[in-house]
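Below are the chains, spelled out letter by letter.
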Amino acid sequence: MHISVLRKLWWKILTLVTIFIIRIFFRQNKKYISADVLSEKFKNILVIRIDRIGDMLLSTPVFRAIKKKYPESKLTVFASSYNKNVIEGNTYVDEYLVYRGIFSSLNELKNKKFDLAIDLFYGFNIKSALLSYLYNAQVKLGYKSKYSKYFFNFEVEPVKESQYEAVNNLKLLEPLG
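Residues numbered from 1 in each chain as written. Predicted model: local features only at pLDDT ≥ 70, side-chain atom pairs only at ≥ 80, totals over all residues. Heavy atoms only, no water.

## Here's the deal with the overall build of the protein chain
- What the protein chain contains, in helices and strands, is 7 helices and 6 strands.
- Tracing the protein chain from N to C terminus, the helices and strands come up as α-β-α-α-β-α-β-α-β-α-β-β-α.
- Here the protein chain, with 177 residues, has 45% of them falling under the buried criterion.
- Put simply, of all contacts in the protein chain between residues at least 6 apart along the chain, 63% involve residues at least 24 apart. (Helix = DSSP H or I, 4+ residues; strand = E, 2+ residues; numbered from the N terminus. Buried < 20%, exposed > 50% of the residue type's maximum accessible area, 1.4 Å probe, protein only. Contact = heavy atoms within 4.5 Å.)

Structure below.
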């Protein structure tokens, strides 16, 4: 088998095992939220973008849009180590945290409380979805996919036709108003 096929198979198995563990051990009453909850004033917002540097660059308009909508909020961006420099001087970001793996991240964020967690990954990424889920924000916002219902309580339908990544990122914020 080609290595890319094995890699895809590995991530699919990991995703299914994670969902199984969540369903068995965490058994939360998963509550989908209505759109009127999204009109609330969120005070502590987490944006998760732990993938590539180009994607982080194209996510910076999201930070401005969030601060425009919620000027009094604290915006925390969770980024990979090589994305740190992209957001370090961004005036819209109040705090950034560096992703160093799931378990290190859980330790780092265990004392933080977020009202809104936004996973900007277009499609589905088990690592960022799991982070959204485990930080137990009141609202977990992400793109709808085959497995997203286990991790998010508000899902946005992805656009079918190919679009510029910055537009996709801003589309995710549309339910916020």
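From this point, things continue past the structure.
## Section: the sheet that holds strand 4 (residues 116–119)
- Taken together, 6 strands build an open sheet; the order of strands is 3-2-1-4-5-6 and the sheet is parallel. Each of the sheet's edge strands pairs with one partner strand only, and the pair in question is strand 3 (95–99) and strand 6 (154–156). The mean angle between the axes of side-by-side strands here comes to 20°, regardless of whether they run parallel or antiparallel.
- Summarising the sheet, strand 1 (residues 44–49) and strand 2 (residues 74–80) pair through 6 bridges and their orientation is parallel. Across the sheet, Leu-46 pairs through a bridge with Thr-76, a residue of strand 2.
- The sheet strands contacting helix 5 (residues 102–109) are strand 2 and strand 3, and the helix crosses strand 3 at an angle near 150°. (Pairing = 2+ DSSP bridges. Axes fitted to C-alpha atoms, helices over the stretch in contact; angles between N-to-C directions.)

## Observations concerning helix 6 (residues 126–134)
- When you tally the buried positions in helix 6, you get 7 out of 9 residues, the bulk of the element.
- Its side-chain oxygen at 2.9 Å from the backbone nitrogen of Lys-127, Asn-125 defines the N-terminal cap of helix 6. (Polar contact = N/O pair within 3.5 Å; in protein donor to acceptor, adjacent residues only side chain to side chain.)

## Things to note about the side chain of Ser-59
- Tracing the backbone through its elements, the reader meets Ser-59 in the loop between helix 2 (53–57) and helix 3 (60–69).
- A distance of 3.2 Å separates polar atoms of two side chains, one belonging to Ser-59 and the other to Arg-49.
- Discounting residues that sit within four places of it in the chain, Ser-59 has contacts with Arg-49, Leu-120 and Asn-169.

## Focus on the pattern of salt bridges
- On inspection of all chains with the given rule, the structure shows 9 salt bridges.
- Here Glu-157 ties to Lys-144 by a salt bridge, and the two come within 3.9 Å at their closest N and O atoms. Residue Glu-157 is located in the loop between strand 6 and helix 7 (165–172), and its partner Lys-144 is located in the loop between strand 5 (139–143) and strand 6; the two are separated by 13 residues in the primary sequence.
- Owing to a relative accessible area of 44%, Glu-157 belongs among the partly exposed residues under this scheme.
- Owing to a relative accessible area of 41%, Lys-144 belongs among the partly exposed residues under this scheme.
- What emerges from the salt-bridge pattern is a single network uniting Arg-49, Asp-51, Arg-52, Asp-55 and Glu-165. (Salt bridge = Lys/Arg side-chain N within 4 Å of Asp/Glu carboxyl O.)

## Overview of the environment of Val-156
- Along the chain, the position of Val-156 falls in strand 6.
- With a relative accessible area of 7%, Val-156 lands in the buried category.
- In this structure, the C-alpha to C-alpha distance between Val-156 and Pro-175, residues 19 residues apart in sequence, is 8.0 Å.
- Not counting residues within four places of it along the chain, the set of residues in contact with Val-156 comprises Leu-141, Gly-142, Tyr-143, Lys-144, Lys-171, Leu-172 and Pro-175.

## Some thoughts on the pairing of strand 3
- Counting buried positions along strand 3 gives 4 out of 5 residues, so the element sits mostly inside the fold.
- Summarising the sheet, strand 2 and strand 3 pair through 5 bridges and their orientation is parallel. The partner of Ala-79 across the bridge, within strand 3, is Val-98.

## Overview of the nonpolar core
- In terms of nonpolar packing, the biggest core is built from 24 residues, with Ile-45, Val-47, Ile-66, Val-77 and Ile-118 touching the most fellow members.
- Those elements giving two or more residues to this core turn out to be strand 1, helix 3, strand 2, strand 4, strand 5 and strand 6.
- Ranked by size, the runner-up nonpolar core spans 21 residues in total, among them Leu-46, Phe-78, Ala-137 and Phe-152. (Core = buried A, V, L, I, M, F, W, Y, C linked by side-chain atoms within 4.5 Å.)

Just distances and angles here, no functional claims.
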